[in-house]
Structures are given as C-alpha cells and as structure tokens.
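# Inside the fold
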Amino acid sequence: MDKRTFLKLTGAAGAGLVLSPWLGCAPGEAPDHATRTEGTTFGPEAFKLPDLGFAKDALAPGIDAETMDIHHGSHHAGYVRKLNAALDGTSFSTDGSLEALLADVTPENAALRNNGGGHFNHTLYWEVLRPGGPSAPEGDLAELIGRDLGGLEAFATAFAKAGATQFGSGWAWLMVNGGGKLEISSTPNQDNPLMKNCVEKPGIPVLGMDVWEHAYYLNYQNRRKDYIQAFLGLVNWESVAARLEGAMAQVK
Ligand code: MN
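Sequence order sets the numbering: in each chain, residues are counted from 1 along the sequence as written. Local features in this predicted model are restricted to residues whose pLDDT is 70 or higher, and side-chain atom pairs enter the listing and the counts only when it is 80 or higher, whereas totals over whole chains, interfaces and linings include all residues. Heavy atoms from the whole structure form the basis of all side-chain values; hydrogens and water molecules are not counted.

### With respect to the coordination of the manganese ion
Metal coordination here is assigned from N, O and S atoms located within 2.8 Å of the ion, or within 3.2 Å for Na, K and Ca; omission of water means that sites may look incomplete. With distances of 1.9 to 2.1 Å, the protein atoms coordinating the manganese ion are His71 (NE2), His122 (NE2), Asp210 (OD) and His214 (NE2). Read from N- to C-terminus, the donor residues coordinating the manganese ion fall into the pattern H-x50-H-x87-D-x3-H. Taken together, the positions of histidine 122 in helix H4 (residues 110-129) and histidine 214 in the loop between strand S3 (204-210) and helix H7 (217-220) put the pair 92 residues apart, joining distant regions of the chain. Only protein chains enter the accessibility calculation, which uses a 1.4 Å probe; a residue is then buried when its area is under 20% of its type maximum, exposed when over 50%, and partly exposed in between. A relative accessible area of 0% places histidine 122 in the buried class. Helix and strand definitions follow DSSP, with helices as H or I runs of at least four residues and strands as E runs of at least two, each counted in order from the N terminus.

Have a look at this one:
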C-alpha cells in the first residue's frame, strides 16, 4: 500500500470527513436514515424499505429469486414497519440516524433492538450482495484481511465457521473494531456490532451474512454450510471496501 492510499484509508488525509456507509443508494436518492435535526420527533414513516437495487433473480442459483422476494418484501419490510411503529411519536436526543439509535440501544428496548437491527442488517446485506465488482477483495481491504486475519482463505474459513456455529438465528460479521483492526464475530437474532450495550464484540460492520433460516431454507433446507459457501461467492467486495473506508474514518 503506498503512502497516499494508506493515509486515505486511515482517514489522516481527510480529518473530519465521515463517509456515508450508505453507498448503495441510487444517485440523488437520500438514504432513509440520513441525519435528522436533533430534538425532533419521529413520524409514522421515519424509515423506509430500501429498493433491492437489482433483480430478485440476479443472485440465482446461489440465492434464488423466491427467497429474495420473501426476504426483502416480507421479512425486511416487517422490520421497517415494526421499527416505525416503535418509534412513532418518540423524540430523539441524537441525530436520529439508525446508527445513532443502535449505538444507544439497551437490551431492555427489545422493539428497537430487534427491528432497528433488522432494518440495518438487511440494508447492509442487500448492499454487500449487489451484483458486480471484483470477485475477491482488492487493495486496502485485501491488505487488511492479510494483516489482521491471515489472508483471504483464513478469513473465509473463519467467517464461514462463525456463520455455521451461530446457534439458532443470527448473523456473522466482518467488522472494524475499536483498535482499527478487522475482526470476525457473530451475533444472535438481529443484533449487530453497532449495539455496544448489547454485544460482546462492538465495532463497525463492513460485511454481514444473515444465517436465519429464512435466508436459505427454501433452497438449502438445513444445509446452512452450503448457503454460506454460496454467499461467499456472491459478495460485492467493492461495497465492502467502501464500507471499510467509511469505518476506518470513524474509528480514527
Ligand atoms: Mn433475514
């Protein structure tokens, strides 16, 4: 990595610049959880289901169209609906972004934890699955996977294991931890590493893999490991690299 790339990656060259992790939005389209004015109140439709951004059969045969249809149009939509119902009429002391809500959520607030997590996690999932980009990590992302996780093969083995051994429903994560290093973790239900009051390993997720049965059961039944291998072959590494850049700017 040359000096310029490194500075860019660590944020040293762009102090104060926080990149939006929501790079999957269509040009000109504001993300539904953009910063809100502090001290205002959530309305009944504060958050919206994002468009998938690609055809439902675009990931087949690895992830089939019917699974995508139900997963996005029913499961994700349900999290958005219940998140809005939980927030409607409440005020916020932070900027009102979903990230800020999740950073503050406590284990006692099950509605926000489960549905805010569900909305964040699925939005990330569609973005890291968006077809396109290189078939393997490149540049800074590849370097950091080498530095912190022992290379792509070791990463894939450890990430697959995190997904396969997550008991019941949950997620496997590749994240940037507080020390600015890549780390793999898993969380139950709809928790994610942003929820520092709820999870063992807090951080900023850059890649998330849904291992709820609804993510794979139609096509794979109980063969979670086969779904995981398919997922790893479908990752949009460009999207992960963009998230990494944003995460690194935040931890510095
Ligand atoms: Mn899901």
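### Focus on the nonpolar core
Judged by nonpolar contacts, the single largest core of 63 residues is most densely connected at Phe155, Phe159, Leu182, Leu207, Tyr227 and Phe231. By residue number, the principal contributor to this core is H4, which donates 7 residues. Apart from the residues within four sequence positions on either side, phenylalanine 159 is in contact with Ala172, Trp173, Leu174, Ile184, Leu207, Met209, Phe231 and Leu232. What is meant by a nonpolar core is a set of buried Ala, Val, Leu, Ile, Met, Phe, Trp, Tyr and Cys residues, joined one to another through side-chain atoms within 4.5 Å. We call two residues in contact when some of their heavy atoms are within 4.5 Å.

### As for the sheet that holds strand S1 (residues 170-176)
Only when DSSP finds a minimum of two bridges between them are two strands counted as paired. Pairing within the open sheet is antiparallel, and its 3 strands lie in the order S2-S1-S3. Each edge of the open sheet is held by one strand with a lone partner, namely strand S2 (182-188) and S3. Each strand of the sheet is rotated relative to its neighbour by a mean of 25 degrees, with strand direction disregarded. Of the strand pairs in this sheet, S1 and S3 are connected by 6 bridges, and their pairing is antiparallel. Its bridge partner lying in S3, tryptophan 173 is registered against glycine 208. Against the sheet, helix H5 (residues 139-149) touches S1 and S2, its axis set at about 80 degrees to S2. Lines fitted to the C-alpha atoms define the axes, with helices restricted to the stretch that makes contact. Angles between their N-to-C directions range from 0 to 180 degrees. Relative to S3, helix H9 (residues 237-251) is tilted by about 145 degrees, and along the sheet it contacts S1, S2 and S3.

### Section: the confidence of the model for the protein chain
Any segment with low pLDDT has predicted coordinates that should not be analysed in fine detail. The pLDDT score gives, residue by residue, the confidence of the prediction method on a 0 to 100 scale. On average, residues of the protein chain score 88 in pLDDT, and 85% of them reach the 70 mark or higher. Across residues 1-31, where pLDDT falls below 50, the model places 34 contacts with residues more than four positions away in sequence or in other chains.

### Digging into unusual backbone geometry
Residue proline 61 is reached from alanine 60 by a cis peptide bond, and omega for that bond is 5 degrees. Relative to the helices and strands, proline 61 is located in the loop between helix H1 (3-10) and helix H2 (65-87). Even without a glycine there, the phi angle at asparagine 189 is positive, about 55 degrees. Counting through the fold element by element, asparagine 189 comes out in the loop between S2 and S3.

### Focus on the packing of H5 against H9
Between H5 and H9, the shortest axis-to-axis distance is 9 Å and the interhelical angle comes to 75 degrees. In terms of orientation, H5 and H9 fall into the roughly perpendicular class. Only Trp237, Val240, Ala241, Leu244 and Met248 of H9 make contact with H5, whose side of the interface consists of Asp140, Leu141 and Leu144. Note that Gly is not counted as nonpolar here; it falls among the polar residues with everything else outside the nonpolar set of Ala, Val, Leu, Ile, Met, Phe, Trp, Tyr, Cys and Pro and the charged set of Asp, Glu, Lys and Arg. Of the residues that constitute the contact of H5 with H9, the class distribution is 7 nonpolar, no polar and 1 charged. Oblique is the label for any angle not covered by the other classes, which are roughly parallel (under 35 degrees), roughly antiparallel (over 145) and roughly perpendicular (65 to 115).

### Here's the deal with the pattern of salt bridges
Take a side-chain nitrogen of Lys or Arg and a carboxyl oxygen of Asp or Glu: if they are within 4 Å of each other, that pair is a salt bridge. Under the defined criterion, the tally for this structure stands at 6 salt bridges. Between arginine 113 and aspartate 191 there is a salt bridge whose closest N-O contact spans 2.8 Å. Taken together, the positions of arginine 113 in helix H4 and aspartate 191 in the loop between S2 and S3 put the pair 78 residues apart, joining distant regions of the chain. Of the two residues examined, arginine 113 and aspartate 191, each falls in the buried class.

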